[in-house]
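Secondary and tertiary structure notes
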Amino acid sequence: MPEPERPHDALEVIAPLVDMILGCIHREYPNQIVHGLSSDDDLAPPRELHPAFFGSFDWHSSVHGHWSLARASRLLPEDELRDRCLAALARSLTPENIEGELAYFDRRSGFECPYGISWLLLLHDELERASLVAESRALAPLAAVCERSLLSYLEGLTHPVRSGQHDQSAFSLGLFLDVARRRERESCERKIIDVVLRHYSGDVDAPIRYEPSNHDFLSPALSEADLMQRVLPEEDFAAWLSVFLPGIPVDGGVDWLSPIGCPDPSDGRLSHRIGLDLSRSFMLKRIGEALGEADPRRRSLLGAAAVHREAGLSAIDPRHYSGAHWLGTFGIYLLSAGAEPGEFA
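My aim in this report is to walk through the structure given alongside it, one point at a time. (Residues numbered from 1 in each chain as written. Predicted model: local features only at pLDDT ≥ 70, side-chain atom pairs only at ≥ 80, totals over all residues. Heavy atoms only, no water.)

1. What about the packing of helix H6 (residues 115–129) against helix H7 (residues 133–156)?
- It is the contact of H6 with H7, at a shortest axis distance of 9 Å, that shows an interaxial angle of 145 degrees. The hand of the H6/H7 crossing is left-handed. In contact with Ile-117, Ser-118, Leu-120, Leu-121, Leu-123, His-124, Leu-127 and Glu-128 of H6, H7 contributes Glu-135, Ser-136, Leu-139, Ala-140, Leu-142, Ala-143, Cys-146, Glu-147, Ser-149 and Leu-150.
- A per-class count over the contact of H6 with H7 returns eleven nonpolar, four polar and three charged. (Axes fitted to C-alpha atoms, helices over the stretch in contact; angles between N-to-C directions. Helix = DSSP H or I, 4+ residues; strand = E, 2+ residues; numbered from the N terminus. Left-handed = near helix turned anticlockwise from the far one by under 90°. Contact = heavy atoms within 4.5 Å. Nonpolar A, V, L, I, M, F, W, Y, C, P; charged D, E, K, R; others polar.)

2. Describing the environment of Ser-131
- The topology assignment puts Ser-131 in the loop between H6 and H7.
- With 199 residues separating them in the primary sequence, Ser-131 and Phe-330 have C-alpha atoms 23 Å apart.

3. A short note on the side chain of Ser-172
- Note that Ser-172 resides in helix H8 (residues 169–182).
- Residue Ser-172 is classed as buried on the basis of its relative accessible area of 1%.
- Discounting chain neighbours no more than four positions away, the residues touching Ser-172 are Pro-114, Tyr-115 and Ser-118. (Buried < 20%, exposed > 50% of the residue type's maximum accessible area, 1.4 Å probe, protein only.)

4. Looking at unusual backbone geometry
- Here the residue pair Cys-113 and Pro-114 is connected by a cis peptide bond, since its omega of 10 degrees sits within 30 degrees of zero.
- Within the secondary structure layout, Pro-114 lies in the loop between helix H5 (95–106) and H6.
- Going from Glu-211 to Pro-212, the amide bond is cis rather than trans, its omega being -5 degrees.
- Along the chain, Pro-212 turns up in the loop between helix H9 (186–200) and helix H10 (220–231).
- The backbone of Ser-56 shows a phi angle near 60 degrees, a positive value even though the residue is not glycine.
- On the secondary structure map, Ser-56 appears in the loop between helix H2 (46–49) and helix H3 (59–75).
- Looking at Ser-56, the relative accessible area reads 2%, which means it is buried.

Read these as layout, nothing more, since geometry by itself doesn't imply function.
Below is the structure:
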């Protein structure tokens, strides 16, 4: 997958990613279920446990796969691929299917918190932005449950989770904050910002040199910086970043943070590293753009973002379901950041 340089090039990259996601979204097996059992009655196949989100290997990948299709339906031109996205969303997001998901949540508080349910809120937001009224209305009750679950999570989050995988708190809080702002959920926004400032405003000298752990798909340091740029004014963020990541070059160099690559894309855990290059790219880009144009670190951040973007996009391989079931979302999230209909980043 070549590095896109212009909007139509990005469209050429996004189309196969969307096609890859469509091949996974209603594929039930193989499947990994994180599922607590209280009795034999809790044993059931994925399609019965999760009528809406049974495909794509696991629940959170199914959810953000649906987000990818909703995003694509808003940005793609009217063609056969867009029609397939809309058909897949209509098949999954029915009132009956969401009732089944709600029944599952009723008996399992904290399920997929924070990662999966922050993506579900992003999905609901994207359905609204795409004017998919029936699907948005169907998903709304589950989105309300997920919002309450994340607010409860915030109350119990006495310390940040600084991992590079699903339980990391910074990445999910960023998604939650984005949704709260777009939907004008001012009370949620204030609660998130209070937690963010309490957990991260005093951090200094992030040990980014120790990253990554072998199976990371998120950078703890960059996720935190990407979160802080959402809540601090430009000058305050620039000052905070100076003490948090003091090693960012001021000469435009990009060698300070190199893509990690993946030695075996067929390995489910190692394929996380492709996701890391993709997530580093969109985080580095947003961190760099949050700085003023005169800031000497900006070019180094944006240059490193471009290098990671090329490495991550070129490594996505639809032949390996280990990565195909989820990497398309990170690619589409990267390519469509800030995009409007007919445009790509």
